[in-house]
Amino acid sequence: MGLAAARAARRRWLWLSAWQRLLQNRCRNREELNSAPPVVELGPAPDPGPSVPPDTTAKPMIVLHVATAVLAYCVLGAQALNSLAYLLQHRALARRRFGGIYAFLPALVPLERVGAQLLGAAVWMLGLSLVIGAVDWSANLSLVTLPKLGAASAAWLGALFVAVQRRRERLLGPAFARASLWLLLPALLALWLSLPAARA
């Protein structure tokens, strides 16, 4: 029996047993009990089948961990879009193309400044998410898989490295934009490994 079918059978059993108790409490004397509709004998609760994984949504720290991780991946996605716009604008300026779609793109300096700020925010949020996840993971080692942890750690370490190199002015301009685009790969992999369908 599948997990969903077992849960549905359990819900039906609980619902019918609640109605049975309600009818027994309302029928106080023999005449009322005889005139009441027949009560179904339910027997023992059905076997739920395989063990049900722990409900992690009831823990506020796990909810905070997931929220900060998803927000960090979204910020890295926004940084990738920002970097793509930077590379397009840089290419247009190098080839002296000023019309078309290039006229709608922002200037290079604001794009680079916004990129550095987005990357800094992603480093902080992903770091916070990893710390919260590690604290909860130390209590229950079955909550995380190693590929997911590896991909999230690679995304955070890569973002931290690029942010430090940008701060030291060793990674500027198009190189910073290309590095930011590469950061999206481990972030997308970690996000995909976090989805319930990837764990099934």
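Use the structure listed above.
Attention here is on the structure that accompanies the text.

Scoring rules and cut-offs
Along every chain, residues carry numbers that run from 1 in the direction the sequence is written. Two thresholds apply to this predicted model, a pLDDT of at least 70 for residue-level local features and 80 or more for giving and counting side-chain atom pairs, whereas whole-chain, interface and lining totals are computed over all residues. Only hydrogens and water are set aside when side-chain values are computed; all heavy atoms of the structure are taken into account. Put simply, DSSP H or I for four residues or longer makes a helix, DSSP E for two residues or longer makes a strand, and each gets a number counted from the N terminus. The buried label applies to any residue whose accessible area, calculated with a 1.4 Å probe on protein chains only, is under 20% of its type's maximum; exposed applies above 50%, and partly exposed to all values in between. Should any heavy atoms of two residues lie within 4.5 Å, those residues are counted as being in contact. The Shrake-Rupley method, run with a 1.4 Å probe, gives the accessible areas here. Residue values count only the displayed protein chains as cover. Axes here refer to lines fitted to C-alpha atoms; in helices the fit is confined to the stretch in contact. Angles between the N-to-C directions go from 0 to 180 degrees. Any angle from 65 to 115 degrees is called roughly perpendicular, while one under 35 is roughly parallel, one over 145 is roughly antiparallel, and all others are oblique. Crossing handedness is defined as follows: a turn of the near helix away from the far one that is anticlockwise and smaller than a right angle gives a left-handed crossing, while the clockwise case is right-handed. Residue classes follow a fixed rule: Ala, Val, Leu, Ile, Met, Phe, Trp, Tyr, Cys and Pro count as nonpolar, while Asp, Glu, Lys and Arg count as charged, and any other residue, Gly among them, counts as polar. Stacked, edge-to-face and tilted are the three classes for Phe, Tyr and Trp ring pairs, Trp counted by its six-membered ring, which pair at centre distances within 6.5 Å; planes under 30 degrees apart are stacked, over 60 edge-to-face, the rest tilted. Two conditions define a charge located above a ring, namely a distance within 6 Å from the ring centre to NZ of Lys or CZ of Arg, and an angle within 35 degrees of the ring normal. Think of a patch as exposed residues, more than 30% relative accessible area, with no salt bridge, where like charges cluster within 9 Å and nonpolar side chains (Val, Leu, Ile, Met, Phe, Trp, Tyr) cluster within 5 Å. Here, a salt bridge means any Lys or Arg side-chain nitrogen found within 4 Å of an Asp or Glu carboxyl oxygen. For this analysis, a nonpolar core means a set of buried residues of the types Ala, Val, Leu, Ile, Met, Phe, Trp, Tyr and Cys, connected via side-chain atoms within 4.5 Å. We define a polar contact as two N or O atoms separated by no more than 3.5 Å, with the added condition that, inside protein, one atom must be a possible hydrogen donor and the other a possible acceptor, whereas residues neighbouring each other in sequence contribute only through side-chain atom pairs.

**Thoughts on the overall build of the protein**
And step 1. When its secondary structure is counted, the protein shows 7 helices and 0 strands.
And step 2. If you list the helices and strands of the protein from N to C, you get α-α-α-α-α-α-α.
And step 3. Here the protein, with 200 residues, has 30% of them falling under the buried criterion.
And step 4. The long-range fraction of contacts in the protein, counting pairs at least 24 apart against all pairs at least 6 apart in sequence, stands at 76%.
And step 5. Accessible surface computed for the protein: about 13,400 Å², of which carbon and sulfur atoms make up 67%.

**Considering the packing of helix α3 (residues 60-94) against helix α6 (residues 174-194)**
And step 1. Between α3 and α6, the least distance of the axes is 8 Å, while the angle of their chain directions is 150°. The angle between α3 and α6 falls in the class roughly antiparallel. Along this stretch, α3 crosses α6, giving a crossing that reads as left-handed. Residues Val70, Tyr73, Leu76, Gly77, Gln79, Ala80, Ser83, Leu84, Tyr86, Leu87 and His90 of α3 form the contact with α6, whose participating residues are Pro174, Phe176, Ala177, Arg178, Ser180, Leu181, Leu184, Ala187, Ala190 and Leu191.
And step 2. Considered class by class, the residues forming the contact of α3 with α6 number 15 nonpolar, 5 polar and 1 charged.

**Some thoughts on the packing of aromatic side chains**
And step 1. Counting across every chain of the model gives 0 aromatic pairs.
And step 2. Here the guanidinium or amino end of Arg166 rests over the ring plane of Phe176, the centre of that ring lying 5.6 Å away.

**Points about a nonpolar patch on the surface**
And step 1. A cluster of nonpolar side chains, contributed by Leu81, Leu84 and Leu88, occupies part of the molecular surface with about 270 Å² of accessible area.
And step 2. Mapped onto the secondary structure, Leu88 falls in helix α3.
And step 3. A relative accessible area of 33% means that Leu88 is categorised as partly exposed.

**Thoughts on the nonpolar core**
And step 1. Core analysis: the largest hydrophobic core is formed by 23 residues, its most contacted members being Tyr73, Leu119 and Val162.
And step 2. Breaking this core down by element, the ones donating at least two residues are α3, α4 (108-139), α5 (146-167) and α6.
And step 3. When sequence neighbours within four positions are dropped, the list of residues in contact with Val162 reads Leu119, Leu171, Phe176, Ala179 and Leu183.
And step 4. Residues Ala85, Tyr86, Leu111 and Ala177 belong to the second largest nonpolar core, which totals 6 residues.

**Notes on unusual backbone geometry**
And step 1. If you check the backbone angles, Glu169 has positive phi at about 60° while not being a glycine.
And step 2. Considering the arrangement of structural elements, one finds Glu169 in the loop between α5 and α6.
And step 3. When its relative accessible area of 59% is taken as the criterion, Glu169 is described as exposed.

**Focus: the side chain of Glu112**
And step 1. Positionally, Glu112 belongs in helix α4.
And step 2. What Glu112 contacts, discounting residues up to four positions off in sequence, is Tyr86, Arg166, Leu172, Gly173 and Phe176.

**Section: the environment of Pro106**
And step 1. The topology assignment puts Pro106 in the loop between α3 and α4.
And step 2. Along the sequence, Pro106 and Ala85 sit 21 residues apart, while their C-alpha atoms lie 8.1 Å from each other.
And step 3. Setting aside residues up to four positions removed in sequence, Pro106 forms contacts with Gln89 and Leu111.

**A look at the side chain of Ser180**
And step 1. Relative to the helices and strands, Ser180 resides in helix α6.
And step 2. Separated by 2.7 Å, the side chains of Ser180 and Gln79 make a polar contact.
And step 3. With residues up to four places along the chain from it excluded, the contact list for Ser180 reads Gln79 and Ser83.

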